[in-house]
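# Structural overview
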Amino acid sequence: MKYFRLNATRSKDPTYPDMTFYCWHCALMEGVLTSFPDLGADLNVKRIAWPRPRMDLVELLGEDHQSLPVLVLDDCGFIDDKDAILEALTKRHGYPFRHP
């Protein structure tokens with residue numbers, strides 16, 4: 001499995017040139033992954049910069065699927081919904097359940 005995520009550090013959005021942002025969905029994934037480092041040994045985490053096109057994703061998933069975070073599966077499928085990614089991390093990799 002490969003796990004791609006947006007670089008959760010300081011990103012610029014040209015729509016708001018005087019502001020710096022982070023992607024909270026990506027920051028959430030980063031927090032979960034780093035909180036349980038022993039569980040993610042089979043994940044390949046790749047941090048992708050903010051600007052599009054995100055060629056790594058275009059090559060794997062096509063131009064219409066550049067949203068992040070995204071979990072790319074071995075069978076060329078992918079999950080790009082944060083809640084579904086968290087569920088997959090629990091079911092496929094043994095991460096703890098998210099508290100309701």
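The structure we're discussing is the one just above.
The paragraphs below set out a description of the structure included in this document. (Residues numbered from 1 in each chain as written. Predicted model: local features only at pLDDT ≥ 70, side-chain atom pairs only at ≥ 80, totals over all residues. Heavy atoms only, no water.)

With that out of the way, let us pick up a nonpolar patch on the surface. On the surface, Tyr22, Trp24 and Leu28 cluster together into a nonpolar patch covering about 360 Å² of accessible area. Structurally, tyrosine 22 can be placed in the loop between β3 (16-21) and α1 (24-35). The exposed category is assigned to tyrosine 22, whose relative accessible area is 57%. (Patch = residues over 30% accessible without salt bridge, like charges linked within 9 Å, V, L, I, M, F, W, Y side chains within 5 Å. Areas by Shrake-Rupley, 256 points an atom, 1.4 Å probe, with all protein chains shown as cover. Salt bridge = Lys/Arg side-chain N within 4 Å of Asp/Glu carboxyl O. Helix = DSSP H or I, 4+ residues; strand = E, 2+ residues; numbered from the N terminus. Buried < 20%, exposed > 50% of the residue type's maximum accessible area, 1.4 Å probe, protein only.)

Here we come to the layout of surface pockets. Of the pockets and cavities examined, the largest pocket occupies roughly 230 Å³. In terms of lining, the largest pocket is formed by Val32, Phe36, Asp83, Leu86, Glu87, Leu89, Thr90, Lys91, Tyr95, Pro96, Phe97 and Arg98. Ranked by residues supplied to the lining of the largest pocket, first place goes to helix α3 (residues 82-93) with six residues. Taken together, the residues that form the lining of the largest pocket break down as seven nonpolar, one polar and four charged. (1 Å grid on protein atoms, 1.4 Å probe; cavity = no way out; pocket = protein on both sides within 12 Å on 5 of 7 lines; lining within 4 Å. Points joined across faces, edges and corners; volume = space filled by probe spheres on them. Nonpolar A, V, L, I, M, F, W, Y, C, P; charged D, E, K, R; others polar.)

Attention shifts here to the packing of aromatic side chains. Per the stated rule, a full pass over the model turns up two aromatic pairs. When the centroid spacing of 5.7 Å and the interplanar angle of 65 degrees are considered together, the rings of tyrosine 16 and phenylalanine 21 count as edge-to-face. Relative accessible area serves as the criterion here: at 43%, tyrosine 16 is assigned to the partly exposed category. Aromatic side chains phenylalanine 36 and tyrosine 95 sit 6.2 Å apart centroid to centroid with 90 degrees between the ring planes, which places their arrangement in the edge-to-face category. (Phe/Tyr/Trp six-rings, centres within 6.5 Å; stacked < 30°, edge-to-face > 60°.)

With that settled, consider the environment of lysine 46. Tracing the backbone through its elements, the reader meets lysine 46 in strand β4 (residues 44-48). Sequence separation between lysine 46 and arginine 5 is 41 residues, and the spatial gap between their C-alpha atoms is 6.2 Å. In this structure the side chain of lysine 46 is engaged in a polar contact, spanning 2.6 Å, whose partner is the side chain of aspartate 56. (Polar contact = N/O pair within 3.5 Å; in protein donor to acceptor, adjacent residues only side chain to side chain.)

Right, let's get into α1. Relative to the 16 Å expected for twelve residues at 1.5 Å per residue, α1 spans 16 Å between its end C-alpha atoms, a close match to the ideal helical length. Residues of α1 that are buried: Cys26, Met29, Glu30, Val32 and Leu33. All buried residues of α1 lie within an arc of 165 degrees about the axis, which places them on one face of the element. (Expected span 1.5 Å × (residues − 1). Arc of directions from axis to C-beta.)

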